Each structure stands twice: as C-alpha cells, then as structure tokens.
Amino acid sequence: MILQPPASVQKLQMALQAKAKGSPGYRFYLLYDKVYRKDVLDHAYRCCRANRGAPGVDQQDFADIEKYGEERWLGIPCIADRVVMTATVSVLAPIFEVNMPAEQHAYRANFSAHTAVRSVHGLITTGHTQIIEGDLAGYFDSIPHAELMKSVARRVSDRHLLHLIKMWLDAPVEEDDRKGGKKRTTPNKDSGRGVPQGAPISPLLSNLYMRRFVLGWRQRGLESRLQSKIVSYADDYVICCKGSADEALVEMRKMMVRLKLTINEAKTRVCQLPQERFDFLGYDFGRCYSIKTGRAYFGTRPSKKSLSRIIGAIHQCTDRRTTWQEAEVSIGVKAQSQAGGLVQLFLVRPSESRLPCD
C-alpha cells in the first residue's frame, strides 16, 4: 500500500526530483540525513504498518512497538529495517524516477501491469507483430551486487547511504534447518548476488538494474535498427519487433551475458502474430474475431491461467461448507480484494481502433 506522503516529505521529494532532472550528471552527496529525518521515518513507518507485514525473525510486530511506544522504539531490528528501507526509498525514488524509461511499468507511480498490457497491445496494432517472450531465471536472486552498486553510485555519492544499501544486500537470511529449529545463512553475501526478498527497497533496486538492459537496447541502436520496443514489468518482459525477431533474440542473449543474468531458455521464444499467440502479465495476445462482423483483429483477453485463478477464487468463496454464513462474512475483505483484482482482467479491453490481422 502506498500512502500519500505528508507535505514536508512531498516538498523534499519534489526538490530532489527537480535537482535530478535539472542536473542529469549531478551525484547526490548528502542524502543519509534525509533518510533519518523524523517526518520521513514517520511516513515510512505508516507505510510499513499499512502493509500489515508479518513479524520478522525476532517475532516482534507493530502491536509490540505501539505497546512499547513509537517514540521510545529503538531496538526491533526487523521492522526497523523495513521502516528505514522505506524511508530510503522515499528519498531515492524521486532521484531515479527522473531517468527511469517509460518501458518499465513495475513499482512506479502512474504505471501498472495494465499500462504494460496496453503498451504491448498498442505496439501490436502498429505492426510490431514479431514478439520475443523473455524470461530470466531467478532475476531477483541473481542481480550482481557490484554492478548494481555502480548503478546506484551514478547518482548517489553519499558514502553512508551506499554503505547502508550494501549492508542490506549482504544481510543474512533465516531458514528452517529441518530439525525444528532455525539457521542463518548468507547466500547473497557469499555469491555477491541478489536483492533481499520482500524488502521495501528491492523493487527500486531491481528496476534500477533492469534499466541497464532497457537503456542498453536503445544505446546500441537495436530499437531503431530492428524497430523493436521493450515492455517490462519487473522480471517479465517482451520485445515487440517490426524487424527480425531472430536477430533481436541473438542480441538480447549477448546483452544478458554482459549483465550477468541468465535467460530461462525453456520459457523464452519467438512468437509470430497472427499465426501464434503469447501470454504476458495474465493476458493472452493474438487474433480475435468481432462478434458483430466476424472480422479478425489483434486483441487481448484473460489468459487460461488467469481464468483458472478467478474460477478457483470464486469456488473457494462459494464453497458449500460456508453457505450457512452471511455473504459478507463468507467472502470477506481479502476474498473480495482477490476476486476484484481478477475481475479487472475483464474490464481492460482492446482499443476500438482495431487493425485487421488477416
């Protein structure tokens, strides 16, 4: 959940964004003091609390903090990390958002999975009918720390903040030892790869590293030479081409090697429209037929997996074992939210300006 920042935090974010936009080569050397500002930390705490996250490895939750007293709270490391990470995102996001490509739709204000779907649909209807379905093997676990920190350091030179981010990247994880106990390991530190799972700062860092692929595609002239456009949502992406998709696939493999990322070859393929169809972010793209005229056009519809998911959610909500309950109790807020999100799949329809595909 994203809460509206207070006026003072908005003012700080606007100032940082204006500086980043007005001075593209500027490196921010004093940000750490912004992270621990009381209004920034207070806003970060409200955001973390609104997300209703589970307790960390120390088993302390927000109720414990509030019982102890928010103003006195100092020593609950798991939630403390989340709050400080969220505060850091509040400071860094305006700086990096200025140069974040429009091709990236995840974890950004005014962008979503639906904007990504609409972008792909728009490209298809303008002739980008050769599609590369890309898939990366364990993207979040394989982002190289050294290269990621270089991406951060291009705009941030505050050594305290850079050190803080590096510590988060190297933080240990607690796992079940299969003997009824817990063990702590340091896989990210040992391998020099990966962003912390479920951490508030991970979406920003993962976007920042994927940005290298998107910008590199453009800078190498592949976008213009192959008439190809990338649309990405976190680690899911497609490349829509008017030129040769086979050549684009070769170039994509070269770039991923340079970025030290691994392509999941089993899920990566070239799709030729309208002969074939492909799925992206819960939607199926390809040839559709008008109910009124029978004419073929390029369109989108919920994928089979999405339909199966919503049928399962409805089945669970309407199980015979719950028929004795009132509808509000049976469905509940969580089930309504889940079904409601899936129902939106049917509300996002292709544009009426359809291009024939036969």
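Everything quoted here is computed from the prediction, not taken from an experiment. (Residues numbered from 1 in each chain as written. Predicted model: local features only at pLDDT ≥ 70, side-chain atom pairs only at ≥ 80, totals over all residues. Heavy atoms only, no water.)

## A word on the overall build of the protein
Argument step 1. Helix and strand counts for the protein stand at 15 helices and 9 strands.
Argument step 2. In the protein, which comprises 358 residues, the share counted as buried stands at 45%.
Argument step 3. Pairs at least 24 residues apart make up 69% of the contacts formed inside the protein by residues separated by at least 6 positions.
Argument step 4. Of the accessible surface of the protein, which amounts to about 19900 Å², a share of 53% is contributed by carbon and sulfur atoms. (Helix = DSSP H or I, 4+ residues; strand = E, 2+ residues; numbered from the N terminus. Buried < 20%, exposed > 50% of the residue type's maximum accessible area, 1.4 Å probe, protein only. Contact = heavy atoms within 4.5 Å. Areas by Shrake-Rupley, 256 points an atom, 1.4 Å probe, with all protein chains shown as cover.)

## A few points about helix H6 (residues 113-125)
Residue pairs three or four apart in sequence face the same way in an α-helix, which turns once every 3.6 residues.
Argument step 1. When the terminal C-alpha atoms of H6 are compared, their 19 Å separation across 13 residues agrees well with the 18 Å that a helix rising 1.5 Å per residue should span.
Argument step 2. The complete set of buried residues in H6 reads His114, Thr115, Ala116, Val117, Val120, His121, Leu123, Ile124 and Thr125.
Argument step 3. Packing partners of the buried residues in H6 comprise strand S1 (130-135), strand S4 (228-233), strand S5 (236-241), strand S7 (278-280), strand S8 (283-289) and strand S9 (296-302).
Argument step 4. Residue serine 112 occupies the N-cap position of H6, its side-chain oxygen lying 3.2 Å from the main-chain nitrogen of histidine 114. (Expected span 1.5 Å × (residues − 1). Polar contact = N/O pair within 3.5 Å; in protein donor to acceptor, adjacent residues only side chain to side chain.)

## So, the pattern of salt bridges
Argument step 1. This structure, assessed with the given rule, holds 17 salt bridges.
Argument step 2. For arginine 220, the salt bridge is made with glutamate 251, and the minimal N-O distance between the two is 3.0 Å. Of this pair, arginine 220 sits in the loop between helix H11 (202-219) and helix H12 (222-225) while glutamate 251 sits in helix H13 (residues 245-258), and the two are 31 residues apart along the sequence.
Argument step 3. For glutamate 251, a relative accessible area of 11% translates into the label buried.
Argument step 4. Members of the salt-bridge network, linked through shared partners, are Glu103, Arg218, Glu223 and Lys229. (Salt bridge = Lys/Arg side-chain N within 4 Å of Asp/Glu carboxyl O.)

## A word on the packing of helix H1 (residues 7-22) against helix H3 (residues 38-50)
Pairs of packed helices are described in terms of their axes, by the angle between the two and the distance that separates them.
Argument step 1. At a closest axis distance of 9 Å, the pairing of H1 and H3 adopts a crossing angle of 105°. Judged by the angle between their axes, H1 and H3 are roughly perpendicular. Contacts from Ser8, Val9 and Leu12 in H1 reach Asp39, Val40 and His43 in H3.
Argument step 2. Its residues assigned to classes, the contact of H1 with H3 shows 3 nonpolar, 2 polar and 1 charged. (Axes fitted to C-alpha atoms, helices over the stretch in contact; angles between N-to-C directions. Parallel < 35°, antiparallel > 145°, perpendicular 65-115°, else oblique. Nonpolar A, V, L, I, M, F, W, Y, C, P; charged D, E, K, R; others polar.)

## Quick look at the sheet that holds strand S6 (residues 269-272)
Argument step 1. Taken together, the 4 strands give an open sheet; going across it, the order is S4-S5-S1-S6, and neighbouring strands pair in antiparallel fashion. Of all the strands in the sheet, just S4 and S6 have a single pairing partner and so form its edges. Mean inter-strand twist for the sheet, computed between neighbouring axes without regard to direction, equals 20°.
Argument step 2. Bridge analysis of S1 against S5 gives 6 bridges, and the strand direction is antiparallel. From the neighbouring strand, glutamate 133 faces S5, where its bridge partner is valine 238.
Argument step 3. Here H6 sits on the sheet and contacts S1, S4 and S5; the angle it forms with S4, its principal contact strand, is near 160°. (Pairing = 2+ DSSP bridges.)

## Observations regarding the nonpolar core
Argument step 1. Residues Leu31, Ile165, Phe213, Trp217, Ile239 and Met252 are the most contacted members of the largest nonpolar core, which totals 61 residues.
Argument step 2. Mapped by element, the contributors of at least two residues to this core are H1, H3, helix H5 (77-97), helix H8 (145-153), helix H9 (159-170), H11, S5 and H13.
Argument step 3. If near-sequence neighbours (up to four positions away) are discounted, isoleucine 239 is found in contact with Gln130, Ile131, Ile132, Phe213, Trp217, Ser228, Lys229, Ile230 and Met252.
Argument step 4. If you look at the next biggest cluster of nonpolar residues, it comprises 16 residues, including Val120, Ile124, Val238 and Leu273. (Core = buried A, V, L, I, M, F, W, Y, C linked by side-chain atoms within 4.5 Å.)

## Quick look at the sheet that holds S8
Argument step 1. Here we have 3 strands laid out as an open sheet, ordered S7-S8-S9, and antiparallel in their pairing. In the strand order of this sheet, the two ends are held by S7 and S9, each with one partner. Put simply, the sheet's adjacent strands are angled 40° from each other on average, direction ignored.
Argument step 2. Across 3 bridges, S7 lies against S8 in antiparallel orientation. Across the sheet, the residue bridging to aspartate 279 is aspartate 284, located in S8.

## Here we look at the side chain of glutamate 147
Argument step 1. Along the chain, glutamate 147 turns up in helix H8.
Argument step 2. Under the relative-accessibility criterion, glutamate 147 is labelled buried at 13%.
Argument step 3. With near-sequence residues (within four places) excluded, glutamate 147 lies in contact with Tyr209, Arg212 and Lys260.

## Thoughts on H13
Argument step 1. The terminal C-alpha atoms of H13 lie 20 Å apart, and with 14 residues this matches the ideal 20 Å at 1.5 Å per residue to within 8%.
Argument step 2. Buried-residue contacts for H13 involve S1, H11, H12, S5 and S6.
Argument step 3. Positive backbone phi, approximately 65°, marks lysine 260, located one or two places after H13.

## Quick word on the pairing of strand S3 (residues 182-185)
Argument step 1. As paired elements, strand S2 (residues 173-176) and S3 share 4 bridges and run antiparallel to each other. Directly across from glutamate 175, in S3, lies its bridge partner lysine 183.
Argument step 2. In textbook terms, the turn of a hairpin is the stretch between consecutive antiparallel strands, and for S2 and S3 this stretch comprises 5 residues, one of which, arginine 178, has a positive phi near 65°.

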